[in-house]
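Chain by chain, the residues:
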Amino acid sequence: MLTVKIVKNSIVTNSIGDSMTEIPDYRIDFGMKHESASNGTITKDEMVLKHYLRKEHNMSFPMASRPISGIKVQTGVDCAMGLHNFSPIRGQQDPMEINESVRYALTEYQGYTPRTWDNGKDAEEYEEFREHLPEMVKHAVDGLHKYFEGVNRIEGESMKQFVEPKIDVPIVLYQDYSGGGRQIDLKCSLPMRNPPKKDGTRSWRVPKPKTEPSAQQVMQQAVYWKATGEKPALLFVTASGYNIVDETNCELMTEESLQRAYDDMVRSWLVTQNLLKASRGSWKTLAGLVQPDMVQIAQRHGPNITNLAKQLWEI
């Protein structure tokens, strides 16, 4: 049975008692003091590079228009649901009116500066995605109202932790929305670029909401389910509408499937744990145990981070 307590505005869930195990020195050496679903689903070279940049260069992977758009859709949804800057202690607050929520999200969206190293692709997407954010916020709010119909108390995003006995650090998770013994994660799909026309202009294709989660999304939901016991769901949103996927309409979201996905996640965490132990605090040793995909790194993160990656994996 998991126990839950409030610690400095965060919910700490502990499956083996009230005190967390001490963080091992080999974890501290690499700055990896906890595990997460995201850490377990990315490739091992991305995992190594992410933590190397954070620990040794105080850097994070660069943002892009596609993920920042999803983040700002959630910002607007949170405002409309009374969950902006949510705290478990403060709870759900009075919601903003929907148009005010959209304006707030768009104002925050303006704070993002597009990438400059991808031949204008990110800047082009940034301008296009802005036009679709209002409809996406409204569809997502409609979906949440439907999913949580009859639920008195809804919680927004806050840090939770639990203990997986096979892993020697806490597992950290951030659920988007939960209440009434259920939880749901918001997943946004933005428009896709069509090839340029002869006159140089371009059209965009608005996708339909997804009907089936990816393997990585199932693994993420499996972690949330294992940590909280709450039934998981996914709220897929595009500018054309929304779709709710859960165990009633998707076999991948059943408990049997979630357990398999959770086992896969634990195996991934264990591989990371073994890699860190074998590396004995040396980034060069750790990098030497993982094959990098420099093409993917360059496409995702640009020349500055690619140069740092080449230095890390230099033979």
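Report on the accompanying structure. (Residues numbered from 1 in each chain as written. Predicted model: local features only at pLDDT ≥ 70, side-chain atom pairs only at ≥ 80, totals over all residues. Heavy atoms only, no water.)

**Regarding the overall build of the protein chain**
A tally of regular secondary structure across the protein chain gives 10 helices and 11 strands. For 315 residues, the compact-globule formula gives about 20 Å, and the C-alpha radius of gyration of the protein chain, at 21 Å, lands near that figure. For the protein chain, the C-alpha atoms occupy an extent of roughly 55 × 50 × 35 Å along the three principal directions. Taken across its 315 residues, the protein chain has 50% of its residues classed as buried. Long-range pairs, those at least 24 residues apart, make up 69% of the contacts in the protein chain between residues at least 6 apart in sequence. Accessible surface computed for the protein chain: about 15800 Å², of which carbon and sulfur atoms make up 50%. Computed over 38 positive and 41 negative side-chain charges, the separation of the two mean positions in the protein chain equals 3 Å. (Helix = DSSP H or I, 4+ residues; strand = E, 2+ residues; numbered from the N terminus. Rg over C-alpha atoms; globule rule 2.2 N^0.38 Å. Buried < 20%, exposed > 50% of the residue type's maximum accessible area, 1.4 Å probe, protein only. Contact = heavy atoms within 4.5 Å. Areas by Shrake-Rupley, 256 points an atom, 1.4 Å probe, with all protein chains shown as cover. Lys, Arg positive; Asp, Glu negative; His and termini not counted. Charge placed at Lys NZ, Arg CZ, Asp CG, Glu CD.)

**Quick look at the pairing of strand β11 (residues 241-245)**
The sheet contact formed by strand β10 (residues 234-238) and β11 spans five bridges and is antiparallel. Pairing of Leu234 across the sheet is with Val245, part of β11. Counted between consecutive antiparallel strands, the loop separating β10 from β11 contains two residues. (Pairing = 2+ DSSP bridges.)

**Describing the packing of aromatic side chains**
By the definition in use, this model includes seven aromatic pairs. Seen from their ring centres, Tyr52 and Trp283 are 5.4 Å apart, and the 70° between their planes marks the pair as edge-to-face. With a gap of 231 residues between them, Tyr52 in helix α3 (residues 44-57) and Trp283 in helix α9 (residues 283-288) connect regions that are remote in the sequence. Each of the two residues, Tyr52 as well as Trp283, counts as buried. (Phe/Tyr/Trp six-rings, centres within 6.5 Å; stacked < 30°, edge-to-face > 60°.)

**A look at empty space enclosed by the protein**
Gaps left between atoms are located by rolling a probe of water-molecule size over the structure's atoms. Scanning the entire structure with this criterion turns up one cavity of 30 Å³ or more. Empty space within the largest cavity amounts to approximately 40 Å³. Lining the largest cavity, in full, are Trp225, Lys231, Pro232, Glu247, Met253, Glu255 and Leu258. Here the lining of the largest cavity is composed, by residue class, of four nonpolar, no polar and three charged. (1 Å grid on protein atoms, 1.4 Å probe; cavity = no way out; pocket = protein on both sides within 12 Å on 5 of 7 lines; lining within 4 Å. Points joined across faces, edges and corners; volume = space filled by probe spheres on them. Nonpolar A, V, L, I, M, F, W, Y, C, P; charged D, E, K, R; others polar.)

**With respect to the nonpolar core**
Counting residues in hydrophobic clusters, the biggest one holds 33 residues, and the most contacted among them are Val77, Leu144, Phe148, Tyr177, Ile184, Leu186 and Leu235. Broken down by secondary-structure element, the contributors of at least two residues to this core are α4 (65-81), α5 (98-109), α6 (121-147), β7 (182-188) and β10. Here this core takes nine residues from α6, the largest share from any one element. Setting aside residues no more than four positions away along its own chain, Leu144 makes contact with Val77, Met81, Tyr177, Ile184 and Leu235. With 20 residues, the next largest nonpolar core counts Phe30, Met32, Tyr52 and Trp283 among its residues. (Core = buried A, V, L, I, M, F, W, Y, C linked by side-chain atoms within 4.5 Å.)

**Section: unusual backbone geometry**
One non-glycine residue, Asn58, lies in positive phi territory at about 50°. Here Asn58 is to be found in the loop between α3 and α4. By relative accessible area, Asn58 is classed as exposed at 73%. A positive phi angle, close to 50°, is found at Arg280, a residue other than glycine.

**As for the sheet that holds β11**
The sheet built from four strands is open, its strands ordered β6-β7-β10-β11 with mixed pairing. For this open sheet the edge positions go to β6 (177-179) and β11, each flanked by a neighbour on one side alone. When the angles between neighbouring strand axes are averaged without regard to direction, this sheet yields 20°. As paired strands, β7 and β10 are joined by four bridges and run parallel to one another. Counterpart to Leu186 in the pairing with β10 is Leu235. Running at roughly 155° to β10, α6 makes contact with β6, β7, β10 and β11 of the sheet. (Axes fitted to C-alpha atoms, helices over the stretch in contact; angles between N-to-C directions.)

**Focus: the pairing of strand β5 (residues 171-174)**
As judged from the two bridges shared by strand β3 (residues 35-36) and β5, these two strands associate in the parallel manner. The residue bridging Glu35 from the neighbouring strand is Ile171, located in β5.

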